[in-house]
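Residues per chain, in single letters:
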Amino acid sequence: MIALADLLEAEGRELRRNIARLGQSYALNSVASVLAAGGALLILWAFYQSMVMAMGPVMGALITGVVGLLCAGVMLWLAQLINR
């Protein structure tokens, strides 16, 4: 029979491994989120620049803002579907 001290030691090692894995996952997700947000902002900026050339700054800002809000709304809707 396994002694209680050996069992607790094994559980402690497993807990440390899981915490380390969780920390690595959190760090990678954080970096990926920042990069994705930066990429999305650059895409919106490029879209704005093309709209300015075609329609002027006010309409470009309006259209770009609406597109950004629509993208955010779709993402929120998808998040709600996933969490049900």
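Relevant structure appears above.
Residues numbered from 1 in each chain as written. Predicted model: local features only at pLDDT ≥ 70, side-chain atom pairs only at ≥ 80, totals over all residues. Heavy atoms only, no water.

Helices and strands together make up the secondary structure of the protein, namely two helices and zero strands. Its C-alpha atoms give the protein a radius of gyration of 23 Å, clearly above 12 Å, the size a compact globule of 84 residues would have. For the protein, the C-alpha atoms occupy an extent of roughly 80 × 25 × 10 Å along the three principal directions. The buried share among the 84 residues of the protein stands at 6%. Accessible surface computed for the protein: about 7200 Å², of which carbon and sulfur atoms make up 75%. Between the averaged position of the 5 positive side-chain charges in the protein and that of its 4 negative side-chain charges there is a distance of 12 Å. (Helix = DSSP H or I, 4+ residues; strand = E, 2+ residues; numbered from the N terminus. Rg over C-alpha atoms; globule rule 2.2 N^0.38 Å. Buried < 20%, exposed > 50% of the residue type's maximum accessible area, 1.4 Å probe, protein only. Areas by Shrake-Rupley, 256 points an atom, 1.4 Å probe, with all protein chains shown as cover. Lys, Arg positive; Asp, Glu negative; His and termini not counted. Charge placed at Lys NZ, Arg CZ, Asp CG, Glu CD.)

Glancing now at the pattern of salt bridges. Counted according to the given criterion, the structure contains two salt bridges. The shortest N-O distance in the salt bridge between Glu9 and Arg13 comes to 2.9 Å. Here Glu9 pairs with Arg13, and both are found in helix 1 (residues 4–55), just four residues apart, close to one helical turn. Owing to a relative accessible area of 36%, Arg13 belongs among the partly exposed residues under this scheme. (Salt bridge = Lys/Arg side-chain N within 4 Å of Asp/Glu carboxyl O.)

Another point: a nonpolar patch on the surface. A contiguous nonpolar patch, built from Met55, Met59, Leu62, Val66 and Leu70 and spanning about 470 Å² of accessible area, is present on the exposed surface. By the secondary structure assignment, Leu62 is in helix 2 (residues 57–82). (Patch = residues over 30% accessible without salt bridge, like charges linked within 9 Å, V, L, I, M, F, W, Y side chains within 5 Å.)

Turning our eyes to something else, we now look at helix 2. In this model, helix 2 (26 residues) spans 37 Å end to end at C-alpha, consistent with the 38 Å of a helix rising 1.5 Å per residue. Gly60, Thr64 and Gly68 are the residues of helix 2 that are buried. Buried residues along helix 2 sit in contact with helix 1. (Expected span 1.5 Å × (residues − 1). Contact = heavy atoms within 4.5 Å.)

With that out of the way, let us pick up the environment of Leu69. Position of Leu69 relative to the elements: it lies in helix 2. Along the chain, Leu69 and Gln49 lie 20 residues apart, while their C-alpha atoms are 18 Å from each other.

Okay, the side chain of Thr64 next. With respect to the helices, strands and loops of the structure, Thr64 is situated in helix 2. Its relative accessible area of 10% is what places Thr64 among the buried residues. Sequence-distant contacts of Thr64, defined by excluding residues within four places in its chain, comprise Leu44, Phe47, Tyr48 and Met51.

That is the geometry; function is a separate question.
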